Amino acid sequence: MITNPPHGGLLRTRPTDGKAPLRVFDEDRSLFPEHRDGRPDIDLSSGKFLKVWQGPQHPGITGNMSLELTVSGDEVVECKTHVGYLHRGFEKLMERRLYIQNFPLVCRICVPEPDFNEYLYAACVEDLAGIEVPERANWLRLLTLEMARLTSFLMWIGGQAGSLGLGTIGQWTVTHRDYMLDLFEELSGGRIYHMYIIPGGVRDGLPEGWTDHLADVLARVEKLLGEIDLVMLHNAVMKARLKGLGYIDPAMVDHYGITGPNARASGIERDIRKDQPYLGYDQLDFEVVTATEGDAYARLEVRLAEMYQSIDLIRQIVRKIPAQGPIHTKLPNVLQWRVPAGQTWHRAECTRGEYGYMLVSDGTDKPRRVYVKGPSYTHAMAVMEDLAVNTNVADIAGLMVSLHTYPPEVER
Amino acid sequence: MSNATIAGGREVTPEVIYEDLIARFKAGSPDRRRDDLMFITVPQAEAVAAITHLKEHWGFRHLAFFTAVDLIERNLFRLTYMLHSYEASIDVCLQADISRDAPIADTIHHLWAGASTYERELKEMFGIDFPGCPRVDEPFALEGWDEIPPMRRDFDTRAYSERTFFPRDGREKHDKVDIMKNELYPEVDL
């Protein structure tokens, strides 16, 4: 049942079909606070409640974010997300820098997936400036975006396992993420921040022998995923703790603006790569991965399937990259570049969902406004705050990681 | 995927949407950036009604984001609502101007659960108030901020940093110009 209280959030009740274990103490609610206007009526001086802070540091998320939890016994009755620990004012900084100077900046907004920032910012600048990107450069961009997805998923799945006590998987995946970072280093010179995508194209082609290294790493990662499937998804403890945790009803998806695997695990078949194909996704063969249960375990299944999908897509992309051809369109002098006045918006499907950039130019040599929309803006704030209510405090870390949040894209 | 037909038989195209918005909400001239992206300005008093109409009538159920642009030379804030239709794969960006002298706008927190977060951020970063929005006065990313809202164009980031963080006792500067002038080439007038 979904009700819409005045504060704008949703009150949820658990599905009663018996599939998901109940984590709510439904039998006797007399010890728990009453709700007024959709929020618990909490009197901290009564001694019945305790404030617990989770974070700002937690290995399951990339960046710093605090959850201010109010617990009654071991059940969370209120959750407030606090961000700002990493706040650097990226959007403000971009207004005071030349267009080209922003490329070393944008990639730092999302550490595990910097390439989406580079691509989207470049796409906006090229859109306003009327720059055509060569076909080969588009394929190379696509390659780095899909590699970034796989690399980021590797980091996430280790965090999800670790948040529930399965730390070994984190060690495996961080190692394999490093193999992916080796490839980025060979390609761009940078392991974490690549600055490979620039306006007009990319910085360089594939190094000699690079595709052989890529094939080797993909084979290793694919083998690892099989082991993770056995150890993590067929693990009785994992199933007991993840099934039924953080249930997202399909009706919540549009109301909260949930995107990516968090929506697809609730049966919503949406993927920007299919619905609004960019770069060369319309020439690749893949299906949108969905599940129906809507809980943390379903999100794990969807993401694991998307990792296999990424490996397959990278192999397809490598076969389609033209061997010859330009990789860059000649730009005006970037130190005196005035992008024509106008505004535009581009989006892409990152590992967490919809990632987008809006760029406003006033015709000068610096952006008038850059707005960065990351999926964590919704997932870490409104969704997390409401899903945490009635959850056991021991499951909060697992729930938070299952939403796959990166706090820097909230603060920007 | 754009120019699709949605359930109910109504064809959803940017042209049809624009004609509807100008007839109902006095919309200004559209900026057709792409086939699937259009920017339209409406009077501020009509903004929430227009957004509700786009959401309920035309199927723009996804609020991609809500932010503001500071047009300081015109003494305006431009509220920017990016709405998306999954069925038609079209983005309509609705924009409404409000005065910087009285930065108050109507809330849309009742339309989407995530909207109140955007409004809380706009209150902190631009100083735009949304009366009735829950938790709008709570800090978003800043705590203990007593300067003007930092995303306003007249907030000088560099002046603030120099005023707040420099000079700091015990902190040595290694400015290369100073080193050249004082240590390497003291005899040259740089």
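Sequence order sets the numbering: in each chain, residues are counted from 1 along the sequence as written. Chain letters start at A and ligand numbers start at 1, both assigned in the order the entries are written. Owing to the predicted nature of the model, reporting of local features is limited to residues with pLDDT of at least 70; listing and counting of side-chain atom pairs is limited to 80 or more, with chain, interface and lining totals taken over all residues. In computing side-chain properties, one takes all heavy atoms of the structure into account and sets aside hydrogens as well as water.

Draft legend 1. How the structure looks around the environment of A:S402. Residues and elements named next belong to chain A. For helices the rule is a DSSP run of H or I covering at least 4 residues; for strands it is a run of E covering at least 2, with both sets numbered from the N terminus onward. Turning to its location among the elements, S402 is positioned in helix α13 (residues 396-402). In this scheme, a residue with accessible area under 20% of its type's maximum is buried, one over 50% is exposed, and one in between is partly exposed, where area comes from a 1.4 Å probe on protein chains only. Classification of S402 as buried rests on a relative accessible area of 0%. Along the chain, S402 and L313 lie 89 residues apart, while their C-alpha atoms are 24 Å from each other. Only heavy atoms enter the contact rule, under which two residues are in contact if any of them lie within 4.5 Å. Contact partners of S402, with chain neighbours within four places excluded, come to W156, Q160, N262, A296, R299 and R303.

Draft legend 2. Quick look at unusual backbone geometry. With a phi close to 50°, A:M195 is a non-glycine residue in the positive phi region. Looking at where A:M195 falls in the secondary structure, it is placed in the loop between α5 (167-188) and β8 (197-198). The phi dihedral of B:S89 is positive, around 55°, even though this residue is not glycine. Along the chain, B:S89 turns up in the loop between β4 (76-85) and β5 (90-99).

Draft legend 3. Seen up close, the confidence of the model for chain B. Values of pLDDT, ranging from 0 to 100, describe the predictor's confidence in every residue of the model. Of all residues in chain B, 92% attain a pLDDT of 70 or more, and the chain-wide mean is 86. Under the prediction, the complex receives an ipTM of 0.85, its pTM being 0.87.

Draft legend 4. Representation of the nonpolar core in the model. Residue types Ala, Val, Leu, Ile, Met, Phe, Trp, Tyr and Cys, when buried and joined through side-chain atoms within 4.5 Å, form a set referred to as a nonpolar core. Core analysis: the largest hydrophobic core is formed by 172 residues, its most contacted members being A:M232, A:Y357 and B:I108. With 14 residues, the single largest contributor to this core is helix α4 (residues 135-162) of chain A. With residues up to four places along the chain from it excluded, the contact list for A:M232 reads A:I157, A:Q160, A:A161, A:L166, A:I169, A:M238 and A:L300. Core analysis: the next-biggest nonpolar cluster, separate from the first, contains 5 residues, A:A265, A:A291, A:A298 and A:V302 among them.

Draft legend 5. Summary view of the pattern of salt bridges. A side-chain nitrogen of Lys or Arg and a carboxyl oxygen of Asp or Glu constitute a salt bridge if their distance falls within 4 Å. With the rule as written, the count across this model stands at 48 salt bridges over all chains. Among the salt bridges present, the one from B:D154 reaches B:R100, with a minimum N-O distance of 3.2 Å. Of this pair, B:D154 sits in the loop between α3 (115-126) and α4 (157-165) while B:R100 sits in the loop between β5 and α3, placing them 54 residues apart in sequence. For B:D154, a relative accessible area of 42% puts it in the partly exposed group. Of the residues examined, B:R100 reaches a relative accessible area of 12% and is grouped as buried. Residues participating in the shared-partner salt-bridge network are A:E146, A:R149, A:R264, A:D271, A:R273, A:E306 and A:E349.

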